[in-house]
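Residue strings, one per chain:
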Amino acid sequence: MKTKTRNLGLACLLLSATTFTACTAINNVPTESVESQKPAKKISTNGPQDAKEVESFMNSVLVDKMGKYNVNGSNFVVVKDGEVLLNKGYGYADKDKKIPVDKDTVFQIASVSKTFTGLAAMQLADKGAIDLNHDIHEYLDGLKVPNKTGTPLTMFNLLTYTSGVDLPDITTYTSPDYINQEIPMKEFLKEHMPTVVRTPGESYTYDNFAFLLAGYAIENVSGLRFDQYMEKNIFKPLDMSSTSTRFTPELLDRMAVHYDDKGTPHPTSGHAPTDGPQGSILSTGDDMAKYLTMFQQQGKFKGKDIISEKSLEQMQSYQVYADKTLPMTTVGGFEGFFNDLMNGHHVILKGGSMPGHQSLIALLPKSNTAFYMSYNNDSMMSIEVFEEFMDHYFPEKKKPKKSTYTPLSSKEAAKYVGLYQNTRFHFLKYRLTYKNGSLLMEAGPSGKHTLKMVHPLLFEDEAGNKLAVKKDHQNRIKYFYYTSSTGLDFIADAQKMPSKKPFSDVPHDNLYKTHIDNLYAFDIFKTQPDNRFHPEGIMTQGEFADLLLRAHGWFGFPDDIEKNKAKIISGIPNFNRNTVITRQTAAVMIQNLKQIQPAPKVKITGKTDKWAIEAIQALVSQGIIDPDIKPKADGSIDFRSKQPLLRQEASALLDKAFGYYTLPLKIK
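This is a predicted model, so every value here is computed, not measured.

Thresholds applied
- Residues numbered from 1 in each chain as written.
- Predicted model: local features only at pLDDT ≥ 70, side-chain atom pairs only at ≥ 80, totals over all residues.
- Heavy atoms only, no water.
- Helix = DSSP H or I, 4+ residues; strand = E, 2+ residues; numbered from the N terminus.
- Rg over C-alpha atoms; globule rule 2.2 N^0.38 Å.
- Buried < 20%, exposed > 50% of the residue type's maximum accessible area, 1.4 Å probe, protein only.
- Contact = heavy atoms within 4.5 Å.
- Salt bridge = Lys/Arg side-chain N within 4 Å of Asp/Glu carboxyl O.
- Pairing = 2+ DSSP bridges.
- Axes fitted to C-alpha atoms, helices over the stretch in contact; angles between N-to-C directions.
- Parallel < 35°, antiparallel > 145°, perpendicular 65-115°, else oblique.
- Left-handed = near helix turned anticlockwise from the far one by under 90°.
- Nonpolar A, V, L, I, M, F, W, Y, C, P; charged D, E, K, R; others polar.

Visitor: Before we go on, may I ask you to explain the overall build of the protein chain in this structure?
Guide: Each helix and strand counted, the protein chain has 17 helices and 26 strands in total. Against the 2.2 N^0.38 benchmark of 26 Å for 668 residues, the protein chain shows a C-alpha radius of gyration of 26 Å, consistent with a compact globule. C-alpha extents for the protein chain along the principal axes are approximately 75 × 55 × 55 Å. Counting the 668 residues in the protein chain, one finds 60% classified as buried.

Visitor: Is there a simple way to think about the environment of isoleucine 516 in this case?
Guide: Assignment of secondary structure puts isoleucine 516 in helix α12 (residues 513-521). With a relative accessible area of 0%, isoleucine 516 lands in the buried category. Each C-alpha atom of the pair isoleucine 516 and methionine 185 lies 42 Å from the other, and the pair is 331 residues apart in sequence. In this view, isoleucine 516 contacts Phe503, Val506, Phe533, Gln648 and Ser651; residues no more than four positions away in its chain are not counted.

Visitor: Could you clarify how one ought to interpret the pattern of salt bridges in this entry?
Guide: Pairs may arise between side chains of opposite charge once their charged atoms sit close together. Scanning all chains against the criterion turns up 31 salt bridges. As a salt-bridge pair, aspartate 64 and lysine 65 come within 3.4 Å of each other at their nearest N and O atoms. Here lysine 65 falls in the buried class, since its relative accessible area comes to 4%. Across the salt bridge formed by aspartate 227 and arginine 225, the nearest N and O atoms sit 2.6 Å from each other.

Visitor: Any chance you could explain unusual backbone geometry here in plain terms?
Guide: Among all residues except glycine, the phi angle is most often negative; among peptide bonds, the trans geometry is most common. Residue proline 273 is reached from alanine 272 by a cis peptide bond, and omega for that bond is 0°. Here proline 273 shows up in the loop between β8 (270-272) and β9 (282-283). Phi is positive for histidine 534, close to 60°, though the residue is something other than glycine. Tracing the backbone through its elements, the reader meets histidine 534 in the loop between α12 and α13 (541-552).

Visitor: Help me understand the sheet that holds strand β2 (residues 83-94) in this model?
Guide: Strands belonging to one sheet form pairs held by backbone hydrogen bonds; the direction of such a pair is parallel or antiparallel. Here 6 strands make up an open sheet; going across it, the order is β3-β2-β1-β16-β15-β14 and the pairing antiparallel. Across the chains shown, the open sheet's two edge strands, defined by having one partner strand only, are β3 (99-100) and β14 (348-354). Where β2 lies against β3, 2 bridges are found, and the strand directions are antiparallel. Bridge pairing in β3 links aspartate 94 to isoleucine 99. Helix α1 (residues 51-68) rests against β1 (73-80), β2 and β16 (369-375) of the sheet, and its axis sits at about 30° to β2. Those strands touched by helix α10 (residues 381-393) are β1, β14, β15 (357-364) and β16, and its axis lies near 155° from that of β16.

Visitor: Got a minute to help me understand helix α6 (residues 226-235) in this structure?
Guide: Residues three or four positions apart in an α-helix share a direction because the helix packs 3.6 residues into each turn. Most of α6 sits inside the fold, with 7 of its 10 residues counted as buried. Contact partners of the buried residues in α6: α2 (113-126), α4 (185-191) and α5 (208-222).

Visitor: Before we go on, may I ask you to explain the packing of α1 against α10 in this structure?
Guide: Think of two packed helices as two axes; the pair is described by the angle between the axes and how far apart they sit. Close contact between α1 and α10 brings their axes to 10 Å; oriented N to C, the two are set at 150°. The pairing of α1 with α10 is recorded here as roughly antiparallel in orientation. By crossing handedness, the relation of α1 to α10 is classed as right-handed. Facing α1, whose interface residues are Glu53, Val54, Phe57, Met58, Val61, Leu62, Lys65, Met66 and Lys68, α10 presents Met381, Glu384, Val385, Glu388, Phe389, His392 and Tyr393. When its residues are assigned to classes, the contact of α1 with α10 shows 10 nonpolar, 1 polar and 5 charged.

Visitor: Would you explain the sheet that holds strand β18 (residues 429-435) in this entry?
Guide: Judged by pairing direction, the barrel is antiparallel, and its 8 strands sit side by side in the order β17-β18-β19-β20-β21-β22-β23-β24 before closing back on the first. On average, each strand axis in the sheet is tilted by 30° relative to the strand beside it, whichever way the strands run.

Here you go:
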């Protein structure tokens, strides 16, 4: 395998963090479902041709990857020119009961559901019931989306992830408790409504809210409840008899068990609202083969028109680009993630993630080829399977040209330099500076990078990852899209933070000024009425907890926010929001979210309560200390644990813990 595979630490297309656990044994895979053998030789550069060869090759790939990622069960479908070449189950739907996966095993396809919602919207556009470029409020029956930009939000924006809302995951609620509840879309949206804060169409952010709102518009315009519309106009015409936006006893009975990365089963999660246009569909390999076939038959299935050829073309053609070399999204939910794995071919992708179930579909319209897969754990196995599939059937057309670079002048660099924040995951923060003809980027988890200019809106780092700069409607440098190989940067554009008037009581020689300014720039510290920061003021435990949540930046999934609120105060005796916070209490709160491995080599002097020692050692080991603390000759640190935490000290600790950089301390 090529080294281009991305090392992802998150099931990033929808939900929360996962940990990969490689498994060297494959005895969890029944031999009657998987044949272990060497990969077959390549037979064509025009995609898969022979059903037996496809099965032989995919058998070898799935044995390898399921073992590596500890996946108990998977299905895999390949369709070429409208013919199903492979539709097969691998491993177990239920490991304990030894129930194998087959073509009728039900999986939650999660965000792959977005493509069905896109299809439904395009059907209504075909009928003239929805205009993709009209204000979406025309189709919402009085429901209002707050909008600070003055530019109308449209269905096109929703279907291309360019809505510009501030909280794109505010509607993402999943829990086993929702399986048997009836939660209407309109009532749910009234209580969980984000605000449009960026001009619609201007920037890309992976957006669950957008597809939920699109689903509500479909429901309102059609006069049918969303699940009823989908059944009547998509599932039934496609003969998808085992597909639904809602749970049924029969589908639940055939559903693959959900497992975590260690192979431990956990309950099936439902959605709030009940119909989830952004991610609630259940389906099977057999049904998804029919869905893929429709794409290869110009929007028809068994002679029936499902969608017009024009709309189908829009769904399969990129409409949003970060750069001409970086396609982003189509109309209808498909995306261009992992462009470096596409080998120069036109591919559109959609992945999905629910706790314990993952899915991926890949369409290659020009070669009339597609595949679908689902499996029952939280790993990103699908990306490596996609890479194997592409390298085998669609190798690189030609070796990409090596980029040539142009030196950047300090004057030209000024418009790029500044602080940026990911528009979906606010914990991803960046600083761009200038040095010797290049941009320097400090990027938290991604580390430090040198960015050389290919042209004025495109840069490359030392590993070849691209950073595409984007302008706003006023022609100002406002965003960038970074194809990092280390994490989640590619899930949304990063937005440049606006300059703010500095606090009047923080002089330039204040040791804490940089940290105060950073937190102020990212809206972690709010503007004071008197434009003063009060650097030596104290704060309460409650005030610091609120700051910590903002600094941590996990503003996305509501369930996670509630969990983090409880997590922050774990291990703190007698937490009281109105009590003045001490430095040791602040350290424990930070460590509760940061989860740094304790470093017992760090020697702490002075008085510290036992419950705070490990947290302080962990933070000190990573350089998360304020500027006034200096290691002694023997390397020991006096954290001044029991002193009240000053506002300027809070700024340093939070900025170093959750900012765009880390400064590990060398332990003697």
